[in-house]
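One letter stands for each residue in the lines below.
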Amino acid sequence: MSDPAASPSPSPAVSDAAAAPAGSTEPGGERREFSAAARAQLQELFKRYPTREAALIPALHIAQREWGGWLPDAAIAAVAREVELPAAKVYGVVTFYDLLHQHQVGRHRIRICTNLPCMLRGSDEIMAAVRQHLGVGENEVTPDGRCSYVHFECLGSCDTAPMMMIDDTYHENLTPERVRQILGDLD
Amino acid sequence: MAAAAFEPVLTRNVGNPAALTLDGYRKGGGYEGLAKALKMEPDAVIDEVKRSGLRGRGGAGFSAGMKWSFIPKGKGKPKYLVCNADESEPGTFKDRLLMEKDPHQLIEGCAICCWAVQASTTYIYIRGEYTYANGVMEQAIKDAYQAGILGDSVLGSGFKLDVYMHQGAGAYICGEETGMIESLEGKRGQPRVKPPFPAVVGAFGAPTVINNVETLANVPHIVTRGADWFKSIGTDERNTGPKLYAISGHVERPGTYETAIGIPFSALLDLAGGMYRGGTLKAYIPGGASAAILTADQAHLALDFDTMAKAGSMLGSAAVMVMDDSTCMVRSVARLAKFFNHESCGQCTPCREGTNWLELLLTRIEHGEGRPDDPQLLRSVCKNMNGTALCALAEAAIGPVDSLIKRFSEEVDQHIRDRACPFPHRRHFSNGAS
């Protein structure tokens, strides 16, 4: 009953795909503020909850998309302003969650499930194939800025183990050979 | 075999992509349960669900109707339904299927629950990794608003209901009820001290029902077909209704299988095509990473709440992980210990320190660096974690370790004695590639 194909994301409200929308940037090139489109999304979010703070995690997801897949200090400062919270509180939340990053990540983010069901079906070899193909360690970014990878806890796709997630897409029933193909095909 | 003949209830639309659309879902009787519920008194809906015997499908197995009945009556205060779609228990992938293949079934279940407890807002807290399922749900919610199923007047009844998707950001502990509420409120997902329970003080200080996706997916069927029909399925009056089993590991056809609750493990294994490549069953975990490991001589046991509890394990989320005799149990449990160490929220010392010790000890035993006293030390760490933390994560972490020491002590001792793992590292890929 499993879905054999990789599951592409239609247009999720919160996507991990890095985008580079237009918006206010410093002369040095570093973004300081949300784009107008993102700010409009935030305004919609605030209407959903009785408190402004409840929009914090959705806002961080949006910020991460705005700032290229991770949350530099400027992003956290911008979120703190919008959600009207002290920056320290925002840092506290960011450090708690695995999908929020305080360090630079690759244009493509690869998460390899290594929990028990995937381990039983060979995730060690998947991990090794990724490491070998990319030539960098976990949490490091390839020199061309294209990819970074981490081992991950169960991604809820144990019927298609071993599997990995690249950006928003699940890649399932993997073999090391298939991994090399998939990585080679990334832009 | 009887189990194979089970007519799917929750997964009846899995092979029917038309059900993703509102028209397609309605063609199969969709939203008739909601229409029926809206003509009933809210308390009558609660009574029907209570009478059905439906128990929470997220892990704890608490009576859903009972949970609803704890919500204070009256319209003075806002009330909330939070649907737990944070499916993060290792081995569990059933709720993703329900959301991706039949989103309206879940929306209908949420709407009926909200009518029963007179809540006017639902947040479906979905794990951040499930972006595809989230997209499917968002679309279905949008369609439901447009058709007047959600919004200011649900099906023209005058009852107001908003349903929102809320994406988490990657933390297992947010599947715990009060951790989820904290996270929904925009905080670190650290569980709260209970009491007060969420039914009294939940999200935003208001009475809140928290139900798992599969639990809510059962509700439209209970309302449409009645509690007696629901009770006629299952082992006994304490274990009723259809159940999704997510089976993975060393089986030929891993997947989600729907049967009457209480299918024996051996029959479920048959449904899944038997052991992977004709291997021999060594052990299975019946209910996610938090459940105690059972052995091959317990394969006849019924996968229901009470049978599993009696066997010293639990049905949990019914995530069944199967291991053949090439599997090293120390290595398997060490991996689960690593998971719990990573996911401990760090709030309670016995859990924060204990999960770290469990991973450290099991990893060193697996790597041939175990010391003769280590099994005793493992026991002592487990003892100190038991009942000493705010939430159930510490006890969940003990589950597999405790059963490893009890049921596979010889294997643990062998690792320590031989200063090495006795199991060859096996390859598993179907095409033999490396």
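Residues numbered from 1 in each chain as written. Chains lettered and ligands numbered in written order. Predicted model: local features only at pLDDT ≥ 70, side-chain atom pairs only at ≥ 80, totals over all residues.

### A word on the sheet that holds strand E1 (residues 108-113) of chain A
Residues and elements named next belong to chain A. Taken in spatial order, the four strands line up as E2-E1-E3-E4 in an open sheet, and their pairing is mixed. Bordering the open sheet on either side are strand E2 (147-152) and strand E4 (169-171), each of which pairs with just one other strand. Neighbouring strand axes in the sheet, compared pairwise and without regard to direction, differ in orientation by 20 degrees on average. Strand direction decides the pairing type here: strand E3 (residues 164-166) and E4, joined by three bridges, are antiparallel. Within E4, the position partnered with Met164 by the bridge is His171. Contacting E1, E2 and E3, helix H6 (residues 123-134) crosses the sheet at an angle of about 155 degrees to E1. (Pairing = 2+ DSSP bridges. Helix = DSSP H or I, 4+ residues; strand = E, 2+ residues; numbered from the N terminus. Axes fitted to C-alpha atoms, helices over the stretch in contact; angles between N-to-C directions. Contact = placed C-beta atoms within 7 Å.)

### A word on helix H2 (residues 56-66) of chain A
Of all the 11 residues making up H2(A), 11 are buried; the element is thus mostly covered by neighbouring parts of the structure. On its buried face, H2(A) is in contact with helix H1 (36-46), helix H3 (73-83) and helix H4 (87-94) of chain A together with strand E3 (162-167) and helix H8 (177-184) of chain B. Count one or two residues on from H2(A) and you reach Gly68(A), which has phi positive near 75 degrees. (Buried ≥ 20, exposed ≤ 12 C-beta atoms within 10 Å, placed from the backbone.)

### Considerations on the packing of helix H13 (residues 329-343) of chain B against helix H14 (residues 349-366) of chain B
Residues and elements named next belong to chain B. Packing of H13 against H14 leaves a shortest axis separation of 8 Å and a crossing angle of 155 degrees. When the interaxial angle is binned, H13 and H14 end up roughly antiparallel. Crossing angle aside, the handedness with which H13 passes H14 is left-handed. Between H13 and H14, the residues in contact are Val330, Arg331, Val333, Ala334, Ala337, Lys338, Phe340 and Asn341 and Thr355, Asn356, Leu358, Glu359, Leu362, Thr363, Ile365 and Glu366, respectively. By residue class, the composition of the contact of H13 with H14 is eight nonpolar, four polar and four charged. (Parallel < 35°, antiparallel > 145°, perpendicular 65-115°, else oblique. Left-handed = near helix turned anticlockwise from the far one by under 90°. Nonpolar A, V, L, I, M, F, W, Y, C, P; charged D, E, K, R; others polar.)

### Quick notes on the domain arrangement of chain B
All names here are of chain B. On domain assignment, one finds that chain B holds domain 1 (13-231), domain 2 (237-324) and domain 3 (329-418). Tallying the contact residues gives eight residues for domain 2 and 11 residues for domain 3. Per-class residue counts for the side of domain 2 that touches domain 3 are six nonpolar, two polar and no charged. (Domains from an automatic or database assignment.)

### As for the confidence of the model for chain B
Residues and elements named next belong to chain B. Mean pLDDT over chain B: 95, with 97% of residues reaching 70 or higher. Taken together, the stretch residues 430-434 has pLDDT below 50 and engages in seven contacts with residues farther than four places along the chain or on a different chain. Here the predicted complex carries an ipTM of 0.94, next to a pTM of 0.94. (pLDDT = per-residue confidence, 0-100.)

### Some points on the pairing of E1(A)
Residues and elements named next belong to chain A. By the criterion of burial, E1 is predominantly enclosed, with six of the six residues buried. Burial of the side chains of E1 extends over both faces: His108, Ile110 and Ile112 are buried on one face and Arg109, Arg111 and Cys113 on the other. For E1 and E2, the ladder comprises six bridges, and the chain directions are parallel. From the neighbouring strand, Arg109 faces E2, where its bridge partner is Ser148. Inspection of the sheet shows E1 paired to E3 by three bridges, in the antiparallel sense. In the strand pairing of E3, Arg111 is matched with Met165.

### A look at unusual backbone geometry
The step from Ala161(A) to Pro162(A) runs through a cis peptide bond, and the omega angle for that step is -5 degrees. Position of Pro162(A) among the secondary structure elements: in the loop between E2 and E3. At the junction of Lys194(B) and Pro195(B), the peptide bond is cis and its omega measures out at -5 degrees in the coordinates. Of note, Asn173(A) is a non-glycine position whose phi angle comes to about 50 degrees, a positive value. Tracing the sequence through the fold places Asn173(A) in the loop between E4 and helix H7 (176-185). For Asn173(A), a count of 18 C-beta atoms within 10 Å puts it in the partly exposed group. With a phi angle near 50 degrees, Leu155(B) is a residue other than glycine that sits in the positive phi range. Within the element layout of this structure, Leu155(B) appears in the loop between helix H7 (131-146) and E3. According to the C-beta neighbour criterion, Leu155(B) is partly exposed, with 17 such atoms within 10 Å.

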